[in-house]
Protein chains: 2
Amino acid sequence: MGGDYAPAAAVDGALLFAREHPQHTVVLVGDEAKVRTALGAHPAGSVELHHASEVVEMDEHAGTSIRRKKDSSLRVCFDLVKRGAVDGMVSAGHSGAAMAGALLVLGRIDGVERPAIAALFPSLGNNRCLLLDAGANVDCKPTQLAQFGVMGEAYVRKLLGVERPRVAVLSNGEEDTKGTALTREACALLRKSDMNFRGYVEGKDIFSGRADVVVTDGFTGNVVLKTSEGAAMGVAGMIRRAIARSGLSERVGALLLKPTLAGLKRVVDYAEIGGAPLLGVDGVGIVAHGRSSPKAIKNALVSALTNAEAQLREEIAARIAASRTWLPARSTAAAQSG
Amino acid sequence: MGGDYAPAAAVDGALLFAREHPQHTVVLVGDEAKVRTALGAHPAGSVELHHASEVVEMDEHAGTSIRRKKDSSLRVCFDLVKRGAVDGMVSAGHSGAAMAGALLVLGRIDGVERPAIAALFPSLGNNRCLLLDAGANVDCKPTQLAQFGVMGEAYVRKLLGVERPRVAVLSNGEEDTKGTALTREACALLRKSDMNFRGYVEGKDIFSGRADVVVTDGFTGNVVLKTSEGAAMGVAGMIRRAIARSGLSERVGALLLKPTLAGLKRVVDYAEIGGAPLLGVDGVGIVAHGRSSPKAIKNALVSALTNAEAQLREEIAARIAASRTWLPARSTAAAQSG
């Protein structure tokens, strides 16, 4: 029931997925009448319906809404994951409420201080760069950034098949003297790890292919996400105006814009590449962009499926446990008390 | 002597400026022999030469280099500004050393806690958005962010002719509950000002035309600058590949790319729009991109000229003094002791 085109985009995305993956079942969670209408005459096949009477609206407080609205589609999705009725969930709704719901219902993987939202960016040469945290935790501690590195590395290795993912910390320059106390301490921790750690990278390196995993606090990560979107859309607007001024025919103009906009879409719509996984929560949850098209929803469902099949949760649990040899006891204590 | 194409780009840029502004004099500061070679057979006209025997290299420590290299071109430029021999300076060299030199030689405007680097971004509808701090101060206090607002507002009003510039704080969402302790406190301060304050904006709004001045700490500002560059270059690469795959002729491909790359250039090369002014220092200093072309250098010189002619320094001094009615005494005390 979440997202700008709900429930139509979610329903159509689920049908796309069902057609491509007939061996799996998609459960649509939401207002039964509305979902049935959206389903229309489509053959239901491996698509099931699970009624939920409430909806978390975009302007609601993340934590409060998910606690109070026990029969919201978002909350019910997490309940289904929790009791093992489904292997993972996707939502294009309130991402803050999704993270709050994941924490409330699924809880954290043992030893994880703070789960994070991970965003996949396209980078040079058909590579991808996983940025985390993309917005869940505004204030972070060095140990949390180091754990983001561990979780992100596990994701890129298991799901993207990169053998030795290059992990880096986002900073305002490459030199060790740059950055904040947070980034410098995170670097000092990560340098002790057995991962392929590369130190600092700059904002432009998210797209340059210099790193596979880039860690940052959720404030900066969100700014990076939105700035990329703004810059890409800004370029699109300029090109549009340049074409308008050039006196080219509309047909040629459209031809000019097509590859441009396709490129922009890849930069802007991280959701197109499969939604943003919630890493560190004890279950599979994928946050899709509010503007998600049916194709984006389908990709997010594929992401949830591969996430579950690759047993990413188990991998993260193992890697977090193994990281205790180089991550100070403080984080372990914090995780145990949390 | 600074920048990737030194001294040729600086010399050619100075000549471009001299041709367009024959009533003004440009002083080229650097190695006399090298600058003379770069000047070649060009008629010198209103271009003068001032020898400086040293150069601050890009890999040097900002503060140390500017203190030790008393005859570096960068340091000598600031000396000329300080003693009133010139009305402003431009450098495409080490931007950290430029800020250090400005602080050391020129000092701060009375009452300014921390000078900032301001970067102009192109925004929707031929507007511009001034982002500060773009990298001078990694850790900031709320009063400093509020002062960035005051200085940025003065710049946009006096130099871009915007009557009531909209001032905003960069955050991870528009709601007042978003942001960090720093951004929330900065908002609380700015809300008491007599400026056209609009609260929070997101990263994408730097390009959307929703604000004329966006304030942030220097760490986040630098990440924004580099991310914009990366996203725009990323889009360019994707378009290039899309055209290559499309089977279009090279000539049509070039036609397709031209407006695109022009748009990208505007997003990426903030220096093209006139360099980044150092706001809050007691004199006119403009930092140009290291990759600056002669045209970019010329634009930066124009920026220095208009900056001096508009008496921006006096305006900032007056506005900072006036802000004492709503900015807490702490900042005043800090400024007086600093």
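All of these numbers come straight from a predicted model, not from anything done at the bench.

What chain A contains, in helices and strands, is 13 helices and 10 strands. When each of the 338 residues of chain A is scored for burial, the buried share is 58%. Taken as a whole, chain A presents about 13,700 Å² of accessible surface, with 50% of it coming from carbon and sulfur.

A few words on the confidence of the model for chain A. Across chain A, the average pLDDT comes to 88, with 85% of residues at 70 or higher. This stretch, residues 331-338 of chain A, has a pLDDT under 50; its non-local contacts, to residues over four places away or in other chains, come to nine contacts.

Ring pairs (aromatic) are described by centroid distance and by the angle formed between their planes. Residue and element names in this part refer to chain A. One pass over the full model with this rule turns up two aromatic pairs over all chains. Residues Phe-121 and Phe-207 carry aromatic rings whose centres are separated by 5.5 Å and whose planes lie at 85° to one another, so their mutual orientation is edge-to-face. Remark: Phe-207 occurs in helix α8 (residues 205-208) and Phe-121 occurs in strand β4 (residues 116-123); sequence separation between them is 86 residues. Residue class for Phe-121 comes out buried when judged on its relative accessible area of 1%. With relative accessibility at 4%, the residue Phe-207 sits in the buried group.

So, on to the pairing of strand β4 (residues 116-123) of chain B. All names here are of chain B. The buried fraction of β4 amounts to eight of the eight residues, a majority that puts the element mostly inside the structure. What you see with β4 is no split at all: Ala-116, Ala-118, Leu-120 and Pro-122 on one side and Ile-117, Ala-119, Phe-121 and Ser-123 on the other are buried throughout. Of the strand pairs in this sheet, β4 and strand β9 (residues 276-279) are connected by two bridges, and their pairing is antiparallel. Note on β9: the bridge partner recorded for Ile-117 is Leu-278. Taken together, the six bridges between β4 and strand β5 (residues 127-132) define a ladder with antiparallel strand orientation. Each bridged residue has a counterpart across the sheet, and for Ala-119 the counterpart in β5 is Leu-131.

Here the focus is the sheet that holds β9 of chain B. Residues and elements named next belong to chain B. Ordered by their spatial adjacency, eight strands build an open sheet running β3-β10-β9-β4-β5-β8-β6-β7, and the pairing between neighbours is mixed. Looking along the sheet, the strands with just one partner apiece sit at the ends: β3 (89-91) and β7 (196-201). This sheet shows a mean twist of 30° between the axes of neighbouring strands, independent of strand direction. Note: β5 against strand β8 (residues 213-215), three bridges, orientation parallel. Among the inter-strand pairings, Leu-132 is bridged to a residue of β8, identified as Val-215. On the sheet, helix α5 (residues 95-106) packs against β4, β9 and β10 (285-287) and is oriented at approximately 30° with respect to β9.

All names here are of chain A. Within the structure shown, the criterion is met by zero disulfides over all chains. Among the cysteines around Cys-140, which has no disulfide bond, Cys-187 carries the closest sulfur, lying 15 Å off. Residue classification places Cys-140 among the buried residues on the basis of a relative accessible area of 15%.

With that out of the way, let us pick up the environment of Ala-41 of chain B. Residue and element names in this part refer to chain B. Tracing the chain through its elements places Ala-41 in the loop between α2 (32-39) and β2 (47-51). According to the relative accessible area criterion, Ala-41 is exposed, its value standing at 81%. When the C-alpha positions of Ala-41 and Lys-141 are compared, they lie 52 Å apart, and in sequence the two are 100 residues distant.

Residue and element names in this part refer to chain A. Within the secondary structure layout, Gly-285 lies in strand β10 (residues 285-287). Considered as a pair, Gly-285 and His-51 are 234 residues apart in the sequence and their alpha carbons are 19 Å apart. Not counting residues up to four positions away in its chain, the partners in contact with Gly-285 are Met-89, Ala-276, Pro-277 and Leu-278.

Residues and elements named next belong to chain A. With respect to the helices and strands, Cys-140 occurs in the loop between β5 (127-132) and α6 (142-160). As for Cys-140 and Arg-114, which are separated by 26 residues in sequence, their C-alpha atoms are 8.7 Å apart. Apart from the residues lying within four places of it in its own chain, the contact partners of Cys-140 are Leu-145, Phe-148, Leu-182, Asp-217 and Gly-218.

The subject of this paragraph is helix α4 (residues 73-82) of chain B. Residue and element names in this part refer to chain B. The buried count for α4 comes to eight of 10 residues, which makes it a mostly enclosed element. Where α4 is concerned, the buried positions are Ser-73, Leu-74, Arg-75, Val-76, Cys-77, Phe-78, Leu-80 and Val-81. On its buried face, α4 is in contact with β1 (26-30), β2, α3 (62-68), β3, α5 and β9. Looking one or two residues past α4, Gly-84 carries a phi angle of roughly 75°, positive in sign.

Following the criterion strictly, the structure yields 28 salt bridges over all chains and no others. Residues Glu-202 of chain A and Lys-226 of chain B are paired through a salt bridge, measuring 2.2 Å at the closest nitrogen-oxygen approach. Residue Glu-202 of chain A is found in the loop between β7 (196-201) and α8, and its partner Lys-226 of chain B is found in helix α9 (residues 218-246); the two belong to separate chains. Both residues of the pair, Glu-202 of chain A and Lys-226 of chain B, count as buried. With its nearest N and O atoms 3.5 Å apart, the salt bridge here joins Arg-191 of chain B to Asp-176 of chain B. Placement of the pair is Arg-191 of chain B in helix α7 (residues 181-191) and Asp-176 of chain B in the loop between β6 (166-170) and α7, with a sequence separation of 15 residues. Judged by its relative accessible area of 47%, Arg-191 of chain B falls in the partly exposed class.

The next subject is helix α12 (residues 312-322) of chain A. Looking at α12 of chain A, one finds that the buried residues are Leu-312, Glu-315, Ile-316 and Ile-320 of chain A. Buried residues of α12 of chain A, viewed axially, fall in a sector of 130°; they line one side.

What follows covers the packing of helix α1 (residues 8-20) of chain A against helix α11 (residues 294-309) of chain A. Residues and elements named next belong to chain A. For the pair α1 and α11, the least separation of the axes is 7 Å and the interaxial angle reads 55°. Between α1 and α11, the angle falls in the class oblique. Note on packing geometry: the crossing formed by α1 with α11 is right-handed. Counted together, Ala-9, Ala-10, Asp-12, Gly-13, Ala-14, Leu-16, Phe-17 and Glu-20 of α1 and Pro-294, Lys-295, Ile-297, Lys-298, Leu-301, Val-302 and Leu-305 of α11 form the full contact between these two elements. Looking at side-chain class alone, the contact of α1 with α11 contains 10 nonpolar, one polar and four charged residues.

What counts as what
- Residues numbered from 1 in each chain as written.
- Chains lettered and ligands numbered in written order.
- Predicted model: local features only at pLDDT ≥ 70, side-chain atom pairs only at ≥ 80, totals over all residues.
- Heavy atoms only, no water.
- Helix = DSSP H or I, 4+ residues; strand = E, 2+ residues; numbered from the N terminus.
- Buried < 20%, exposed > 50% of the residue type's maximum accessible area, 1.4 Å probe, protein only.
- Areas by Shrake-Rupley, 256 points an atom, 1.4 Å probe, with all protein chains shown as cover.
- pLDDT = per-residue confidence, 0-100.
- Contact = heavy atoms within 4.5 Å.
- Phe/Tyr/Trp six-rings, centres within 6.5 Å; stacked < 30°, edge-to-face > 60°.
- Pairing = 2+ DSSP bridges.
- Axes fitted to C-alpha atoms, helices over the stretch in contact; angles between N-to-C directions.
- Disulfide = S-S within 2.5 Å.
- Salt bridge = Lys/Arg side-chain N within 4 Å of Asp/Glu carboxyl O.
- Arc of directions from axis to C-beta.
- Parallel < 35°, antiparallel > 145°, perpendicular 65-115°, else oblique.
- Left-handed = near helix turned anticlockwise from the far one by under 90°.
- Nonpolar A, V, L, I, M, F, W, Y, C, P; charged D, E, K, R; others polar.

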